[in-house]
Amino acid sequence: MEILILSKTKYGVTQACVGGICIENKQFVRLLDSQGRYQSEDTSFEIGDIWNINFTQSLHRREPHVEDVIINNQAFVKKVDTMESFIKDLNVTIWENDIMNIFDGKMLWQVNGKGYLSENTKNYPTNSVGFWISDVDLIFSNGYYIYEKNGSSKPIVYKGSEAPIHIIPKGKLIRLSLAKWWKPDGSENEERCYLQLSGWYSNKPESK
């Protein structure tokens, strides 16, 4: 099945979390190696690549992280430069405007503005990844993109592999994801998965 590579985020010291979407059926996937592990940091997968990949579903998925698949074999097909247009032409769901609309409106928000899901809620969105078009500019500061509107500030940690830009303009196509379930050692809080920003897309030939 042909898969468009959407994101690469650093995981641990030597691994990369690689996300993609199946072009035929619009299924989001997270590409694990034959041992069920994340890709090595020197993986051949690059954002914008299309690969023909045969895979099987991982048996160790936990909602809402239902995208994990194990690669059986792979072959490079081609490179896509016009990522923004290509993704929009897939007619996949894209959340638009206010940040409260992302992940089907199911995000919770800490006092500090960080978004998360709680294991106590059980009302999880369909996927742990998705596309968003913001109605305001996102400003980069200290590792976060800040969504600021009506006096409210919501920081979204940036986990992408590309160098951050100072401003992601409103109207730009963005990829959001939810980190794996986690809580700090000794914390009295339940496990949570936190909102993160893993990339944005443009049409390279048009931006020259």
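Heads up: the structure comes first, above all this text.
Read on for a plain summary of the structure.

Calculation rules
- Residues numbered from 1 in each chain as written.
- Predicted model: local features only at pLDDT ≥ 70, side-chain atom pairs only at ≥ 80, totals over all residues.
- Heavy atoms only, no water.
- Phe/Tyr/Trp six-rings, centres within 6.5 Å; stacked < 30°, edge-to-face > 60°.
- Helix = DSSP H or I, 4+ residues; strand = E, 2+ residues; numbered from the N terminus.
- Buried < 20%, exposed > 50% of the residue type's maximum accessible area, 1.4 Å probe, protein only.
- Disulfide = S-S within 2.5 Å.
- Salt bridge = Lys/Arg side-chain N within 4 Å of Asp/Glu carboxyl O.
- Core = buried A, V, L, I, M, F, W, Y, C linked by side-chain atoms within 4.5 Å.
- Contact = heavy atoms within 4.5 Å.
- Pairing = 2+ DSSP bridges.

Moving on: the packing of aromatic side chains. For the structure on display, the rule yields 15 aromatic pairs. Their ring planes at 90° and their centres at 6.4 Å tell us that Phe 140 and Tyr 158 sit as a pair that is edge-to-face. With Phe 140 in strand β11 (residues 138-141) and Tyr 158 in strand β13 (residues 152-158), this residue pair connects regions lying 18 residues apart in the sequence. Classification of Tyr 158 by relative accessible area gives buried; the value is 11%.

Working definition of a disulfide: a covalent bond connecting the sulfur atoms of two cysteines. With the rule as written, the count across this model stands at 0 disulfides. Not part of a disulfide, Cys 17 finds its nearest cysteine sulfur in Cys 193, a span of 13 Å. Classification of Cys 17 by relative accessible area gives buried; the value is 13%.

So, on to the pattern of salt bridges. Evaluated as defined, the whole model comprises 14 salt bridges. A salt bridge links Asp 33 to Arg 37; the shortest N-O distance between them is 3.3 Å. Measuring nitrogen to oxygen at the nearest pair gives 2.9 Å for the salt bridge that ties Arg 62 to Glu 191. Taken together, the residues Arg 62 in the loop between β5 (49-57) and β6 (68-79) and Glu 191 in the loop between β15 (173-178) and β16 (192-201) connect sequence positions 129 residues apart. Arg 62 gets classed as partly exposed once you look at its relative accessible area, which sits at 38%. Each member of the salt-bridge network shares a partner with another, and the members are Arg 30, Glu 67, Asp 68 and Lys 180.

This part is about the nonpolar core. Ile 102, Trp 132 and Leu 197 are the most contacted members of the largest nonpolar core, which has 23 residues in total. Listed by contribution, the elements that provide at least two residues to this core are β12 (144-149), β13, β15 and β16. Those residues in contact with Ile 102 that lie beyond four places of it in its chain are Trp 95, Met 107, Trp 109, Trp 132, Leu 176 and Leu 195. With 16 residues, the next largest nonpolar core counts Leu 6, Ile 23, Ile 87 and Val 129 among its residues.

The subject of this paragraph is the pairing of strand β2 (residues 15-22). Of all 8 residues making up β2, 7 are buried, and the element is well covered by its neighbours. In textbook terms, the turn of a hairpin is the stretch between consecutive antiparallel strands, and for strand β1 (residues 2-11) and β2 this stretch comprises 3 residues, one of which, Gly 12, has a positive phi near 65°. Pairing of β2 with strand β4 (residues 39-40), which is carried by 2 bridges, proceeds in the antiparallel orientation. Note that in β4 the partner of Gln 15 across the bridge is Ser 40.

Bringing the side chain of Ser 7 into the picture now. Position of Ser 7 among the secondary structure elements: in strand β1. Residues within four places of Ser 7 in sequence aside, it is in contact with Cys 17, Val 18, Gly 19, Ile 47, Arg 175 and Ser 198.

Here Tyr 38 shows up in the loop between β3 (28-32) and β4. Since its relative accessible area comes to 11%, Tyr 38 is described here as buried. Along the primary structure Tyr 38 and Ala 163 are separated by 125 residues, whereas in three dimensions their C-alpha atoms are 21 Å apart. Aside from chain neighbours lying at most four places away, what touches Tyr 38 is Tyr 11, Gln 15, Ala 16, Cys 17, Arg 30, Leu 32, Asp 33 and Lys 180.

The values are spatial; any link to function lies outside them.
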